[in-house]
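Below are the chains, spelled out letter by letter.
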Amino acid sequence: MPSICFYFQVHQPLRLRRYSVFDQDANYFDDIHNAEICRKVANKCYLPANQCIYDLIKLHEGRFRVSYSITGVALDQFESYTPEVVDSFRRLADTGCVEFLAETYYHSLSFLYSLEEFTDQIGLHTKRISDLFGQACTTFRDTELIYNNQLAEAVKALGFDAVLAEGTDHILGYRSPNFIYRPPNVDIKVLLKNYRLSDDIAFRFSNRGWKEWPLTADKFAGWVNQVNGNGCTVNLFMDYETFGEHQWSDTGIFDFLYHLPAELLRHPHNDFKTPREVAAAYEPVGEYDAPHMTSWADTERDLSAWLGNAMQANALHEIYALEGAVRKADDPALLRDWRCVQTSDHFYYMCTKYFADGDVHKYFNPYESPYDSYINFMNVLDNIRMRTVPAPQPQAVE
Amino acid sequence: MNVFMLGWEFPPFISGGLGTACQGLTRAMSLLGHRVIFVLPHDVAEQHATHVKLLTPKTHESARAAYAKFKINSLENVSFRSIPSTMRPYGLETGGVKTGGIEKTTVRSQSIVADGETSVSFTKSEAGGERTVAVPGTVRSPSGHYGGDMFEEVERYAAVAVEIARNETFEVIHAHDWMTFQAGIAVSRASGKPLVVHVHSTEFDRSGTRVNQPIYDIERRGVHTADRVIAVSHLTRNILLARYSAPPERVEVVYNGISEDEETMQVPPPIRRDEKIVLFLGRITMQKGPEYFLAAAKKVLEYEKNVRFVMAGSGDMTRGIIEMAAEMGIGHRVVFTGFLRGPDVARVFKMADLYVMPSVSEPFGIAPLEALSHDVPVLISKQSGVSEVLTHALKVDFWDIDEMANKIIAVLRHPPLQVTLRDHGNFEIKKFTWTDAASNCIGVYGRAIRDAGRRRAG
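For every chain, the first residue of the written sequence is number 1, and numbering continues from 1 along that sequence. Naming scheme: in the order in which they are written, chains are lettered from A and ligands are numbered from 1. Since the coordinates come from a predicted model, pLDDT governs what is reported: local features require at least 70, and pairs of side-chain atoms require 80 or more to be given and counted, while whole-chain, interface and lining totals use all residues. Values reported for side chains reflect all heavy atoms of the structure, with hydrogen atoms and water molecules removed beforehand.

### Considering the overall build of chain B
Here comes step 1: Within chain B, the regular secondary structure consists of 14 helices and 17 strands.
Here comes step 2: Throughout, a residue-residue contact means that at least one pair of heavy atoms, one from each residue, lies within 4.5 Å. Considering only contacts in chain B between residues 6 or more positions apart, those separated by 24 or more positions represent 69%.
Here comes step 3: Per-residue accessibility takes into account occlusion by the displayed protein chains alone, with areas from the Shrake-Rupley method and a 1.4 Å probe. For chain B, the exposed surface amounts to about 18,100 Å²; the carbon and sulfur share of it is 51%. Put simply, DSSP marks the helices as runs of H or I at least four residues long and the strands as runs of E at least two long, and each gets a number from the N terminus on.

Structure, rendered in structure tokens:
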């Protein structure tokens, strides 16, 4: 009897403006462009998708349940540019059928560099979620589903009961992602993404070259039903922007979403659970040992999308090298700017993997090339560094 | 396939783009098993006997002209026919001024520029050399020893080419740039074989908007008469469509390659200094945008002190650019090397931290690929053919001096940027091969032959 566990990632980075070495001011972000994208994605995805989820919760009288992880940088932008999106999430929270997950406020890679910063950002995020939606987070997911044994240990120490990860083949081997696992070093429940079924929706839904196209709700429900008897949960983890933004409305993605719960609930053994409920309902069946970092990105499922070349490694090291100086400066605006440039997207733009082939990396990239994004980023970082050095105090004149 | 190829220069008789391209292309064709008869407009054998192995050094006397046959080592299936010039425009190195081992003022110039004037003229040389003309593929001596009517030369070349063609067997004619288009058309008429013209640069690239009408007319006629046209980039193809009304269905793009077996010149490592070096290497002419390089240099120097800008090359703007650097107050940070050859080019690349090509209009631009092959990252103008295909390069509009300076500073400040550009770029250039270019040309020949056959049938 598999439970279907939906988790949707909601994120919008604070994109940088064109910042040349000649710029001296501390306005790093492209407000106009960011607002424009926020409004566009709100209209194409967040608002219609939230309405659809709300209708489904009402229609199925609480039997349909989902979870979200909404980054702090996204929430900040929604509040500024599209407050109706925040309202619609609040309305979803009020149904009692929606769980909100914890992550780093700035969608950062801080776990790799600074446990202190990582902890602070999680604290900021859980407080924000609690303030907005009245929920205490018990499940954690790191940026881009980055995970290893140490991360499990770190978030267990912060009090979380469950953590999400990619169900990577090289760790699972013959085993199924449709069970709960535990890391070797700490007592926490690990929920693994079923990447085949998740990506059927997120990546392949509108691909006419795919032999299963067109994907219908009853066909998909049939695949989920096959798990019956060999799994307790089917974890469907994906970007929320799948609905209406990555897969446009005219592909039929909203119809698919609307009809899917009914098709799944047609089978008497199926139900919907949020990660918290999955963790409470099922016990681990085995050990999931991840000594190395994994993620849900690209085919490599590793960190190479953010740390694949010398520029990315350099930019990340340079940011966290500033941590001490930024904290010492005790300037809230400076601290926030430093945190906003930690968002993983800035490093994703610098990725040179597949750059020459022009693929998905390019689609989401506001820069003409990874080199341009690195140059722009380092100019901003130089300015941030300058601000950490206190301006010389004027000498007292006798 | 037997190809009757009409060229204007061929290494070692030149040192620039067109000749290098002809060499790369014919060598690759030769390796692919195709036969090439290459016609040159001058008696190379006589002046450059040390570089050339003469296989059949016999001279035919014909009614119209004499020509020589010879072969060059390593070009198995390529045979040459050269037409001795009565005007000797290729009297190289006679007037070159040598200073400290570096030739200062001579340069092979692809553009036709009147000495000391901005307008272009084609009068025969006069005493004193006031109005001499630089002929494409020649080294111009400062005193203007030679001269002559370029168009007369082109016509004579065409006439002799027809003579030569009479005794040769071939299926297609391939003409490189406007100087050989007349000859290509004439040979095509006489032999009935299809004509392919190859455009390495247009009059708009060389002269900006100050177009020389007679040259434009020849280019236009060539592009319209040919059965197929090869452009070295989409940039050039677009110029041919927009400015020459070339029939789009006949114009194809074939990118240049770089020599695969280029032996890396063994040069001693440069003396390591704290200074960073930003390199401009190319003719100092309007087309290459040297003034944008200087303007960017001035901005960079306001932020980075320990950097030197090296301008290697010469051209009709050299003096103006030197004066400009002095007026800007950055003369002490800009070094002019004059025209560099072989080992000196390798040496200057070895010293450079960044190569900048700020060209205003660059049909292809092989120099950035050479820089990358020497492990030097490149910043190239978006107004270049090579920027269509090279992804691991910094790119900038030639006029955007702020952005050019921004990117130069970034490379100087952030070694990881230099490393990433260099490593990826060095790998990427392996995709530019003359073998591919030659295969693509063979494909174009096939279509030209097919089209010509259809036309004859219809």
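Right, picking up where we left off after that structure.
### Some words on the interface of chain B and chain A
Here comes step 1: In this assembly, 21 residues from chain B lie in contact with 20 residues from chain A.
Here comes step 2: Computed with a 1.4 Å rolling probe, the buried area is the accessible surface lost when two parts are put together, summed over both parts. Interface area for chain B against chain A, summed over the two sides, is near 1,800 Å², with a carbon-plus-sulfur share of 64%.
Here comes step 3: What makes a salt bridge here is a side-chain nitrogen of Lys or Arg within 4 Å of a carboxyl oxygen of Asp or Glu, nothing more. For D372 of chain A, the salt bridge goes to K407 of chain B, with nearest N and O atoms at 3.1 Å.
Here comes step 4: Polar contacts, as counted here, are pairs of nitrogen or oxygen atoms within 3.5 Å of one another; within protein the pair requires one atom able to donate a hydrogen and one able to accept it, and residues that are adjacent in sequence qualify only if both atoms are side-chain atoms. On inspection of chain B and its partner chain A, the count reaches 7 residue pairs in polar contact (both at pLDDT 80 or more).
Here comes step 5: Elements supplying a minimum of two residues to the side of chain B that touches chain A: helix 8 (290-303), helix 12 (401-413) and helix 13 (415-428) of chain B.

### Brief notes about the sheet that holds strand 14 (residues 334-338) of chain B
Residue and element names in this part refer to chain B.
Here comes step 1: A sheet is described by the order of its strands in space; here 6 strands give the open sequence 14-13-12-15-16-17, paired in parallel fashion. With partners counted over all chains shown, the strands left at the sheet margins are strand 14 and strand 17 (394-396), one partner each. On average, each strand axis in the sheet is tilted by 20° relative to the strand beside it, whichever way the strands run.
Here comes step 2: We treat two strands as partners when DSSP finds at least two bridges between them. In the sheet, strand 12 (residues 276-281) pairs with strand 13 (residues 307-312) via 6 bridges, with the strands oriented parallel. Axes here refer to lines fitted to C-alpha atoms; in helices the fit is confined to the stretch in contact. Angles between the N-to-C directions go from 0 to 180 degrees.

### Details of helix 13 of chain B
Residue pairs three or four apart in sequence face the same way in an α-helix, which turns once every 3.6 residues.
Here comes step 1: By definition here, a helix of n residues has an expected span of 1.5 Å times n minus one. Between its terminal C-alpha atoms helix 13 of chain B stretches 20 Å, which fits the 20 Å expected from 14 residues at 1.5 Å a residue.
Here comes step 2: Categorising residues by exposure relies on relative accessible area from a 1.4 Å probe, with only protein chains included: less than 20% of the type maximum marks a residue as buried, more than 50% marks it as exposed, and the intermediate range marks it as partly exposed. Along helix 13 of chain B, the residues classified as buried are P416, L417, Q418, T420, L421, G425, N426 and E428 of chain B.
Here comes step 3: Elements that come into contact with the buried residues of helix 13 of chain B comprise helix 12 (310-321) and helix 17 (370-388) of chain A together with strand 12, helix 11 (367-373), strand 17 and helix 12 of chain B.

### Details of the nonpolar core
Residue and element names in this part refer to chain B.
Here comes step 1: Residues F4, Y355 and L390 are the most contacted members of the largest nonpolar core, which totals 99 residues.
Here comes step 2: With 10 residues, the top contributor of residues to this core is helix 3 (residues 150-166).
Here comes step 3: For L390, the residues in contact, after removing those within four places along its chain, are L369, L372, V378, I380, K395, E428, I429 and F432. Among buried residues, those of type Ala, Val, Leu, Ile, Met, Phe, Trp, Tyr and Cys that are joined through side-chain atoms within 4.5 Å constitute a nonpolar core.

### Examining the confidence of the model for chain B
All names here are of chain B.
Here comes step 1: Residue-level confidence of the predictor is what pLDDT reports, using numbers from 0 through 100. Per-residue confidence for chain B gives a mean pLDDT of 80, with 75% of residues at or over 70.
Here comes step 2: Counted against residues more than four places away or in other chains, residues 45-65, with its pLDDT under 50, gives 37 contacts.
Here comes step 3: Here residues 86-147 is modelled with pLDDT under 50, and outside its nearest four sequence neighbours on either side it reaches 149 contacts, counting other chains as well.

### Examining the packing of aromatic side chains
The geometry of two aromatic rings is summed up by the distance between their centres and the angle between their planes.
All names here are of chain A.
Here comes step 1: Only Phe, Tyr and Trp rings take part, Trp by its six-membered ring, and two of them pair if their centres are within 6.5 Å. Stacked means planes under 30 degrees apart, edge-to-face means over 60, and tilted covers everything else. Evaluated as defined, the whole model comprises 49 aromatic pairs over all chains.
Here comes step 2: Between Y7 and F237, the aromatic rings sit 5.2 Å apart at their centres with planes inclined by 70°, giving edge-to-face as the arrangement. With Y7 in strand 1 (residues 3-10) and F237 in strand 8 (residues 233-239), the pair connects residues that are 230 residues apart, well separated along the chain.
Here comes step 3: Plain terms: the ring middles of F89 and Y240 are 6.3 Å apart, the flat faces sit at 45° to each other, and that makes the pair tilted. Residue F89 is found in helix 3 (residues 83-94), and its partner Y240 is found in the loop between strand 8 and strand 9 (243-244); the two are separated by 151 residues along the sequence.
Here comes step 4: An aromatic cluster of at least three residues, connected via ring pairs, comprises F6, F8, Y46, F64, Y68, F78, F89, F100, F133, Y240, F243 and F272.
Here comes step 5: Above the plane of the ring of Y54 lies R91, whose end atom (NZ or CZ) is 3.8 Å from the centre.
Here comes step 6: Only lysine NZ and arginine CZ atoms are considered, and such an atom sits over a ring when it is within 6 Å of the ring centre and within 35 degrees of the ring normal. The positively charged end of R204 is found above the aromatic ring belonging to W210, 5.9 Å away from the centroid.

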